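Examining the three-dimensional arrangement
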Protein chains: 2
Amino acid sequence: MHAAARRSVVNGRRRLAEAVDAAAKVFARRGYHGASTQDIADVLGMRQASLYYYFESKEAALEAVIRVAVEDYASRALRIARKETSASEKVAALIRTHLAPMVERVEYSRVFLGERRFLQDPARKRIRAMELRYERIIQRVMAEGVASREFRADLDTRLAMLALLGLGNSAAAWFGREPGMDFERITAGYADFLVRSFRTTH
Amino acid sequence: MHAAARRSVVNGRRRLAEAVDAAAKVFARRGYHGASTQDIADVLGMRQASLYYYFESKEAALEAVIRVAVEDYASRALRIARKETSASEKVAALIRTHLAPMVERVEYSRVFLGERRFLQDPARKRIRAMELRYERIIQRVMAEGVASREFRADLDTRLAMLALLGLGNSAAAWFGREPGMDFERITAGYADFLVRSFRTTH
DNA sequence: AATTTTCCCTATTGCATTATAGAATAGACT
DNA sequence: AGTCTATTCTATAATGCAATAGGGAAAATT
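About the criteria used
- Residues numbered from 1 in each chain as written.
- Chains lettered and ligands numbered in written order.
- Predicted model: local features only at pLDDT ≥ 70, side-chain atom pairs only at ≥ 80, totals over all residues.
- Heavy atoms only, no water.
- Phe/Tyr/Trp six-rings, centres within 6.5 Å; stacked < 30°, edge-to-face > 60°.
- Helix = DSSP H or I, 4+ residues; strand = E, 2+ residues; numbered from the N terminus.
- Buried < 20%, exposed > 50% of the residue type's maximum accessible area, 1.4 Å probe, protein only.
- Lys NZ or Arg CZ within 6 Å of the ring centre and 35° of its normal.
- Contact = heavy atoms within 4.5 Å.
- Buried area = accessible area lost by both parts, 1.4 Å probe.
- Salt bridge = Lys/Arg side-chain N within 4 Å of Asp/Glu carboxyl O.
- Polar contact = N/O pair within 3.5 Å; in protein donor to acceptor, adjacent residues only side chain to side chain.
- Nonpolar A, V, L, I, M, F, W, Y, C, P; charged D, E, K, R; others polar.
- Axes fitted to C-alpha atoms, helices over the stretch in contact; angles between N-to-C directions.
- Left-handed = near helix turned anticlockwise from the far one by under 90°.

Some points on the packing of aromatic side chains
Within the structure shown, the criterion is met by 14 aromatic pairs over all chains. When the centroid spacing of 5.0 Å and the interplanar angle of 85° are considered together, the rings of A:Tyr53 and A:Tyr54 count as edge-to-face. Taken together, a centroid distance of 6.1 Å and an interplanar angle of 40° make the contact between A:Tyr190 and A:Phe193 tilted. Within this pair, A:Tyr190 and its partner A:Phe193 are both found in helix H8 (residues 183-198), separated by three residues, close to a single helical turn. A:Phe193 gets classed as buried once you look at its relative accessible area, which sits at 5%. The structure contains a cluster of three or more aromatic residues connected by ring pairs, namely A:Phe151, A:Phe198, B:Tyr190 and B:Phe193. Taking NZ or CZ as reference, B:Lys58 lies 4.6 Å from the ring centre of B:Tyr32, over its face. Note that B:Arg116 overlies the ring of B:Phe112, its terminal NZ or CZ placed 4.5 Å from the centroid.

So, the interface of chain A and chain B
Between chain A and chain B, the residue contacts involve 36 residues of the former and 36 residues of the latter. When chain A packs against chain B, close to 2,800 Å² is buried across both sides, 55% of that on carbon and sulfur atoms. Seen at the junction of chain A and chain B, the total is eight salt bridges. The residue B:Arg152 makes a salt bridge to A:Asp192 at a minimum N-O spacing of 3.0 Å. Put simply, chain A and chain B have 12 residue pairs in polar contact (both at pLDDT 80 or more) between them. Mapped by element, the contributors of at least two residues to the side of chain A that touches chain B are helix H1 (14-30), helix H7 (157-174) and H8 of chain A. Of the residues that constitute the side of chain A that touches chain B, the class distribution is 15 nonpolar, eight polar and 13 charged.

Brief notes about the packing of helix H5 (residues 87-115) of chain A against H7(A)
All names here are of chain A. Running from N to C, H5 and H7 point in directions that differ by 40°, and their axes come no closer than 9 Å. Seen from above, H5 lies across H7 with right-handed handedness. The segment H5 lies against H7, with Val-91, Leu-94, Ile-95, His-98, Leu-99, Met-102, Val-106, Ser-109, Arg-110 and Leu-113 engaging Leu-164, Leu-165, Gly-168, Asn-169, Ala-171, Ala-172, Ala-173 and Trp-174. Of the residues assigned to the contact of H5 with H7, the class counts are 13 nonpolar, four polar and one charged.

Observations regarding unusual backbone geometry
For A:Arg149, which is not a glycine, the phi torsion comes out positive at approximately 65°. Backbone geometry at B:Asp72 places phi at a positive 70°, although glycine is not the residue there. When you line up the elements, B:Asp72 lands in the loop between helix H3 (58-70) and helix H4 (73-82). Residue class for B:Asp72 comes out partly exposed when judged on its relative accessible area of 44%.

Shown next as structure tokens:
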């Protein structure tokens, strides 16, 4: 009688996704260690112990959130990197895809950026490896921009990569809270900043 | 007999500073909620309860750390903003002062950036007010650069301010861990990035 | 209709953690 | 010598929290 109305045919994977969403929201707001499994259960309208039907442990919930957050990043970056466009357009596209998830799910980005360090070693290293792969793809775009003389010869490609990620990631901190700063304004502005500073001056 | 050797005339304020240092180190590593007062006491070589001689509460320790981290930021920025130099030089100087504390005390920066949100409302609003003051000073430098035609007329000064802080803050995440990325390389590179993208193209 | 599976519940254990109370020790001061 | 003050200690209260065990009802499957 309790959960009768909630149950339906559609609720196969949906409820699990809701649980991950709830975890993301709570972890983003209170931080991993500051959040209790009770908090997550509250969002879902269930008992604290019932959460353990969906997650083996609190940390497993964190891993699930982070997995969603990190998903597809590298593959989308690779797709951009392989295109037959200018390096400038690639940089702009990279910033766009990097910020895109923030529109629909900032909480995931925030949890990834701030809480991933609390993962234990098997999962942590997997995530770190995916990050490195992502970073290398971005840096190669910079390097190819230099090689084709579209970007200045003295460009520090590693720092350029860190700058792109730094700009993108820092937006997660205030995205949705800075009035007037919508997706278009941010991505267009940041892409413009980056491209202007990377291009050869003539 | 226990703490005899440690005690001396010099240890007036020094021990408190050590306690704040210990808190900064532990909060930076484990996060505010992930850190226990026991962890901090361990660093100091004292008992958990003894910490309460220096801090009223765990949160008071956090506030002490953050206060140190936030100290002087606005005043140093203001000193730069008032100088009779070009806007470009001001931007470069702003990046430098922003990153300077990271050399000697990254932990403080990290705690400020990641844990300040856990402060309760009296302290939290005070910190936020100081941040806003800092942001306004930076943005005004951008605006004056536009007014003097040193920076492009279409520069989004608010986004430019966020970009400067974003670049600076993101460095706190990897400062000291990215091989080869020393203070000079970062500050010079970032200053260069910013100035190139802000300047009028002619 | 019978059985299995899904999903949530109640109840509880065990541990970690913040904070308080009050005592002890040693150096500074009179 | 005797008192005061700073600093740390022991002991403990009080709570919050992750996780386990086992049950039960509805839905799906046979």
